[in-house]
Each structure stands twice: as C-alpha cells, then as structure tokens.
Amino acid sequence: MSPITETPVTGERPHGAVELAIGGMTCASCANRIERKLNKLDGVTATVNYATEKAKVTFPEGLDPQVLVSEVEKAGYSAALPEPPAPEDEPGAERGERGEGPDELGPLRSRLITAVVLSVPVIAMAMVPALQFTYWQWLSLTLAAPVVVYAGWPFHKAAWTNLRHGAATMDTLVSLGTIAALGWSLWALFLGTAGMPGMTHPFELTIARTDGSGNIYLEAAAGVTAFILAGRYFEARSKRRAGAALRALMELGAKDVAVLRDGAEVRVPISRLAVGDRFVVRPGEKIATDGVVEEGTSAVDASMLTGESVPVEVRPGDAVTGATVNAGGRLVVRATRVGSDTQLAQMAKLVEEAQTGKAQVQRLADRISGVFVPIVIALSLGTLGFWLGAGAGPAAAFTAAVAVLIIACPCALGLATPTALLVGTGRGAQLGILIKGPEVLESTRRVDTVVLDKTGTVTEGRMTLVETHVADGEDPVEVLRLAGALENASEHPIARAVARGAAERAGELPTPEDFANVEGLGVQGVVDGHAVLVGRPRLLAEWSQHLPADLQRALDEAQNAGRTAVAVGWDGKARAVLVVADVVKPTSAEAIRRLRGLGLTPVLLTGDNEAVARSVAAEVGIDEVIAEVLPQDKVDVVKRLQSEGKSVAMVGDGVNDAAALAQADLGLAMGTGTDVAIEASDLTLVRGDLRVAADAIRLSRRTLRTIKGNLFWAFAYNVAALPLAAMGLLNPMIAGAAMAFSSVFVVSNSLRLRGFK
C-alpha cells in the first residue's frame, strides 16, 4: 500500500489520504487538541487515535502532506509520514510495525526505576525522625532532585505544551506541585534555616503557624513523581497492545505455498505468489490466497472467516478464500487476488479503521484537573496577595502560597486508576476475564445492547450428531456402528461429527474392509460384510435405495430447520437418517437471562441462514435476529445500531467478528476463539462460557465505580487540607500525612475488589 492514496470524492475536488504516526501525546485531551488543529486547515478532515498513536487525515489535492506534519509540530507534538513499504523479501518487511512500542516503553521504565529507587529513602527519612542524621536534608536533596527533574521530565514537558495552548491537565498539576515543592525546598535549604546542621522534621501533626524557611517538601515532590510515573508505565504497557489485532490477523495466512512451475511443485514464500499462479493445497493445509479451484474436489472449512459452522463443498470453478482450511482432498487453485487485495487483508483494514474510529474516552482525572488546576493557582495567588496585604511579610506569604500548590498535588491521583485496575484485572483473571485497560471500563457503564455472534459464542461452534431416525425394525446402535465405522475413515467435518457421536453411543467402531469417497455425495465401503452407503439421498438412490416416507419426512424437517441430514443404507435398503447440527451451549440461555438482568437487549447476529438463526434464538430467549450477514457487513450492523443511539457491546469469537468487535463500544471475545478476535476486543472471556460475559460487565462496572471513588477521595484529602495551607498552618508532617493517608485509602478501597464474586 502506498503511503498516500489519491481518491476522488464525489462532487468535490479530489482528496488524498495519509496516516501520520503521532508522538508526544500523554492523554486523550492531547489527541483532541491535535485533531482540532488539523481540522482547522481548509478541506482537511482528521481523526486522531490516542491508543494507536495514529492520525487518519484526508486533505485536498495540491496540499503537501508535510504541511500536516508541521501543523502537528506547531501544536507541540511530533508527527511522521508513513515510510514507503520495504521490499517484500527484506527481513521484517511484513511486520507492519515500526517498533515504536518498545522505544517508548524503555525510557519510561528507566525513569520509573530511577524514581522508585531514589524516592524511597527520601520519603523514609522525612517520615521517620530516627533516620534524620546530621545533614540528612542535603542527602534528601541529592536524591530527590534527579527524581523531579529527570524522572518527572515527561510531566514538565506536557505541562509546558498545555500551558502554550491555555489548557490544564493532570500533567500541569503534577508539574506545578513537584516544581513548587522542590523550589521551596531549595529556597529553605540555601536561603532559609532548613540547611542548618541538626535540622529535623518532628513527627507531630499539630496545626500551627510555622516559619516556612525551616521546612522542606522533598518527599512530597519525589513521592508524587514516582507514584504517577508507575501509573503512566502500566498504562503505556497496555496501550502497546493496540496494534496486536492487525498482527494476529495477518499471521493467520499461510507462510509459504506449493506453486506449480512446469508441472512440478516448487515451495515459495507467500510474498512471491502472483495473480494467475497455480498452486497446490493438500488436505489439512491453509489455502494460500484468494483464488478459483481448477482441479479436485474437497470440503473447505471457512468457519474462522465466515462463522459458518458447516464446511463448504468446492469443485472446479468455485472460488476459495485465503487462510481457510482444506478439510478434504487435494486441490489445485489459480490465484485471483494476492497481498493487500485479499479478503483477509480487507478484513485487517476494517479492523484498523474500526479501532481508529473508536472514540477514546477522555480521562476523568484530566477532566477534573482541567477545573481543579485553575482554581488551585487562583487560590495560591489569592493566598499570597492576602498575606502580603495583611503585613505578614514575604516569607510567611510565600510559605502559605507554595503550601497551597504542594498540598494540591494529589499523589493518590496517580494511584487511583492503576491500583483499582490492577486488583480488578487480577480478580477478573481468576474468574476467566481479561480487561485490557481503563477506557474499557467507561464503555461497560453505558452499554445497553449486546450483539451476539452465533457460531462458537451461543453455540458450540462444531458439528454434533443430534438425532438418529431409523426405519421400522432397524436397531439404532447397529446403524450408528456401521455408519460411524465408515465415516471414521473420512476427514470431512460432518463425517467426524457422525463418527464421534457413533463412538459415544455404540462403543468401539469396526474398521472398514473397503472405503471410497464419492465426489460431492458421500462415502461407500464394506463394514462387517455389509456394503454400506452414507451421504446424500441421491447417493443411495443411485443404488436403488430410496428413503421410506417416515425417513424422508425426518430428512425434510431437519433441512427446514437448517440442520444437515445424512442418509444411511446397506445391503440394498435405506435404513436411517442421521441429523447433525451446531448445538447451543448448555449455559447460553442462562447467560442471556443474566445479560437482560443487567439492562441489556440481546441481538443474535450470524452469517448462517435465517431458519437456523431463528431456532437458536428461540432456544436461548433472544427476540431480535439478524441472519445471513457477510463478514464485512457485521461492522455495518454495529454501526447502524450505534447510529440509532444505542451503545453496543459485541460478543464474538471468529476472525469475521474482529472488525465488529473493534467497532463496538465494548468488544468481548471468547477465549476459545481466534487470536484476532481476542486482540481486537476490549474484554476476553477465557472460558467459552457466555455467562462470563455478564460477570465481565458487572466486574468492569464495579471497577469503574471504585476508580471514581478513588479519584474523589484522592482529591477530597487534598481539598480538605487546602484551607490549612492557605492559612499558613501547614507543617511538612501534615503535608506528608495527607499524602500517605490518601494513598492508603485509595489502595485499601481498591483491594475491596478482591471480594468480587
């Protein structure tokens, strides 16, 4: 795919489209700021995704894409145009990643380690008088300064960017508080009395006017930086997974292929395959790319792409899709689409578009900070003005003003989200629920509609023998024994279902003395001296074995219900009809009741035919059914529901569900499904039990409530201490204690999630 594609837009001048890699974003409000900046350009439409750090931009013809990069840089962030594609045989050309993830995480990890190692002794010395040896305050400064300056640099940089745009976020608050604490401590040490030998912080929580020149707040500056960096690090680590869905999707395809060259098979990498090449697919192999069958007949298992539980019979002239599995005979296929034109690549594109288009939930902490920061700055300036006006002298006035800034910097705010997430996700993992990140939790609160994929989600996702209809006087066990023995020699998925069901009900199966596959009709052979036929009624009719009325009726009823019926006959007579189907999981009906109990409306979505979908929906208690939907149209169904004002959760397990899972407000993947579906989702249900979906939504909502409670208390402690600071009554112990108590409260509140059942 070329970096810039020109596409005509109806009725307007032609447009180009480009995807920029954005750097330097620290929160969702950064993404919004870049978006607004780009959209101000004439004819430009941009969407910026904070999670994937990409901006999708369409622009008028004639505009140099470099202008877009400059505009982003003017906003204080970095941007890069996509690199031209590497040659296909170059190592790593297929990776699709520029490796930004590890580079971004590495510096953050080293800053975090520096902050933790250096701030622990600083906090310990400030809080424990026994550790306060002569000149301890100077060691504190030596350890705390690198923490605030080096480890806290991302906060100061982001705060400066915000300041230039007249905005305030969590970064502004952290930067302001830590610089104020460090700056005041430097003044007190060098110009005040805090640098004198024998200076101590007594362990007392008395409220009294103190001489600010004797106070240092280094433990507050270092502690806040370390705590909030820890939160940032865990967030960045989870953000790196954003591109994993696309990697997993592209890895589904075959890696190499047996191409026919001058009548001989030559094994070549998939990247060397060209349109028009003829290639061989053996039983059990993946089909290398989209093409048309030229020789051979087989059953192709396309369930991972289409969601259809029944394999598709193919013969010369039929189209096949890349990454589906050849379940039967040898095929020779002519390639019709390769590389980015294949159905698999188109689905990868759908997933990426859905991920980019998903609105990122702006962080609650940033929203609160946007209001809180200006109030704190105003209060600090007001305090300074009041004390100077009251004639208290510059030292006392500045002590009170800086104390306001220091106490307002909430260290617990950095713990509020990560601790609740850590405990919530840990408890989820114990229950078989994997939660990807904080923005997921916000989605669970609003969801009102749950769209359920049928195959593998509500149903087992594999064919099972469900009914045995025998002619008068026939023994069902004998029917299953003979039919199962013959089907056991076949690799066809329907045959496997019959053989499995027969072995369960009739015991050990005999070995056929003779076996032959009849193209497109079934199998025939000799078992225990009987000439047995198993397959379509037409196969039996060719041997003059016609179904009696009762068996014909059973076969018609099965087919009308969307099930697959197989006829069995031997020794010149039709004996039975076996019915196979994809059965509903035993827990699905209860799961639907639980989801309804959470206020959700269930909708069944499937590529299967209407009759099958209706019977499954009736069995589990779903009223709304959307059937016969192509894989690429599943996204459109989700979009349509969203356009009707619904907040949609999607539960699926197949590759065909990946784009819809990414598009939905909340994507839940069954852990028994494909890696692609799991990567594209927000929540993964490790067990294939749909009841876990209801548990996942309950746990997510509870975790979100805990995070909000934590944020409230993180601020409440600080807000309560603000009047003390403004009155000049705040000593370092109270500042440290407020920080410690709010942190302890937040952690213990988060630990309550361990009791979730």
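Only a predicted model underlies this, so the values are computations on that prediction, with no experimental measurement involved.

A. Region of interest: the sheet that holds strand β8 (residues 278–281). Spatially, the six strands line up as an open sheet ordered β7-β6-β8-β14-β9-β12, and their pairing is antiparallel. Edge positions in the sheet fall to β7 (264–269) and β12 (319–320), since each has one partner strand and no second. Two elements, strand β9 (residues 290–295) and strand β14 (residues 331–337), share five bridges in a ladder whose sense is antiparallel. Pairing of D290 across the sheet is with R337, part of β14.

B. Structural detail: the packing of helix α16 (residues 476–487) against helix α17 (residues 493–506). Remark: α16 packs on α17, axes separated minimally by 8 Å, with the N-to-C direction vectors making an angle of 140°. Regarding the angle of α16 to α17, the classification is oblique. Note that α16 runs across α17; the crossing there is left-handed. Contacts from V477, L480, R481, G484 and E487 in α16 reach A495, R496, V498, A499, A502, R505 and A506 in α17. Across the contact of α16 with α17, the residue classes break down as seven nonpolar, one polar and four charged.

C. Quick look at a nonpolar patch on the surface. A contiguous nonpolar patch, built from L186, W187, F190 and L191 and spanning about 410 Å² of accessible area, is present on the exposed surface. Summarising the element assignment, L191 is placed in the loop between α6 (170–190) and α7 (218–239).

D. Seen up close, the UniProt feature "transmembrane region" (unreviewed entry) in the protein chain. Within this structure's numbering, the places UniProt gives as "transmembrane region" (unreviewed entry) are residues 112–129, 135–153, 173–196, 216–234, 368–390, 396–423, 710–727 and 733–751. Across residues 112–129, helical content stands at 89% and strand content at 0%; the span's end C-alpha atoms are separated by 27 Å. Secondary structure content for residues 135–153 is 89% helix and 0% strand, while the C-alpha to C-alpha distance between its ends is 27 Å.

E. Spotlight on unusual backbone geometry. Within the chain, Y135 stands out as a residue other than glycine whose phi angle is a positive 65°. Among the structural elements, Y135 can be located in the loop between α3 (100–127) and α4 (136–151). At E628, a position not held by glycine, the phi torsion is positive, near 55°. When you line up the elements, E628 lands in the loop between β24 (624–626) and α22 (634–643).

F. Just the sheet that holds strand β13 (residues 325–326), in detail. The strand order β11-β10-β13 describes an open sheet built from three strands, whose pairing is antiparallel. Here the strands that pair on one side only, and so sit at the sheet edges, are β11 (312–314) and β13. Relative to β13, strand β10 (residues 298–301) is paired through two bridges, and the arrangement is antiparallel. Counted as the bridge partner of D301 is V325 from β13.

G. Structural context of helix α21 (residues 610–620). Listed in full, the buried residues belonging to α21 are V612, A613, V616, A617 and V620. What you see down the axis of α21 is that its buried residues fit within an arc of 125°, all on one side. Set apart from the buried face of α21 by more than 90 degrees, the exposed residues are A618 and E619. Where the residues of α21 are buried, they touch α15 (454–458), β17 (459–470), β22 (573–584), α20 (588–597), β23 (601–605) and β24. Two or three places before A611, at the start of α21, stands the capping residue N609, its side-chain oxygen 3.0 Å from that residue's backbone nitrogen. Just beyond α21, the residue with positive phi is G621, at close to 95°.

H. Representation of the nonpolar core in the model. Of all hydrophobic cores here, the largest spans 54 residues; its most connected members are I216, L218, L229 and I406. For this core, the secondary-structure elements that each account for two or more residues are α3, α4, α6, α7, α11 (364–389), α12 (394–408) and α25 (691–726). Looking at this core, the element that brings in the most residues is α7, giving ten residues. Residues A613, V616, L668 and I697 belong to the second largest nonpolar core, which totals 46 residues.

I. Region of the structure containing the environment of G382. Counting through the fold element by element, G382 comes out in helix α11. Overall, the relative accessible area of 41% leaves G382 in the partly exposed class. Sequence spacing of G382 and A401 is 19 residues, and the spatial spacing of their C-alpha atoms is 8.1 Å.

J. Just the packing of aromatic side chains, in detail. In the structure shown here, the tally under the stated rule is five aromatic pairs. Look at F386 and W387: their rings are 5.3 Å apart centre to centre, the planes differ by 75°, and that puts the pair in the edge-to-face class. Here the aromatic residues F712, W713 and F745 are joined through ring pairs into a cluster of three or more.

K. Highlighting the pairing of strand β26 (residues 666–670). Counting buried positions along β26 yields five of five residues, so the element is predominantly enclosed. Of the two faces of β26, the one carrying L666, L668 and M670 and the one carrying G667 and A669 are both buried. When strand β25 (residues 648–652) meets β26, the two strands line up parallel, connected through four bridges. Along β26, the bridge assignment pairs M650 with G667. The parallel pair β25 and β26 is bridged by helix α23 (residues 658–663), and the resulting crossover is right-handed. Bridge analysis of β26 against strand β27 (residues 683–685) gives three bridges, and the strand direction is parallel. Bridge pairing in β27 places L668 opposite L683.

Basis of the calculations
Residues numbered from 1 in each chain as written. Predicted model: local features only at pLDDT ≥ 70, side-chain atom pairs only at ≥ 80, totals over all residues. Heavy atoms only, no water. Pairing = 2+ DSSP bridges. Helix = DSSP H or I, 4+ residues; strand = E, 2+ residues; numbered from the N terminus. Axes fitted to C-alpha atoms, helices over the stretch in contact; angles between N-to-C directions. Parallel < 35°, antiparallel > 145°, perpendicular 65-115°, else oblique. Left-handed = near helix turned anticlockwise from the far one by under 90°. Contact = heavy atoms within 4.5 Å. Nonpolar A, V, L, I, M, F, W, Y, C, P; charged D, E, K, R; others polar. Patch = residues over 30% accessible without salt bridge, like charges linked within 9 Å, V, L, I, M, F, W, Y side chains within 5 Å. Areas by Shrake-Rupley, 256 points an atom, 1.4 Å probe, with all protein chains shown as cover. Salt bridge = Lys/Arg side-chain N within 4 Å of Asp/Glu carboxyl O. UniProt positions renumbered as here; feature names shortened; annotations may be inferred. Buried < 20%, exposed > 50% of the residue type's maximum accessible area, 1.4 Å probe, protein only. Arc of directions from axis to C-beta. Polar contact = N/O pair within 3.5 Å; in protein donor to acceptor, adjacent residues only side chain to side chain. Core = buried A, V, L, I, M, F, W, Y, C linked by side-chain atoms within 4.5 Å. Phe/Tyr/Trp six-rings, centres within 6.5 Å; stacked < 30°, edge-to-face > 60°. Right-handed = clockwise from strand over helix to strand, strands pointing away.

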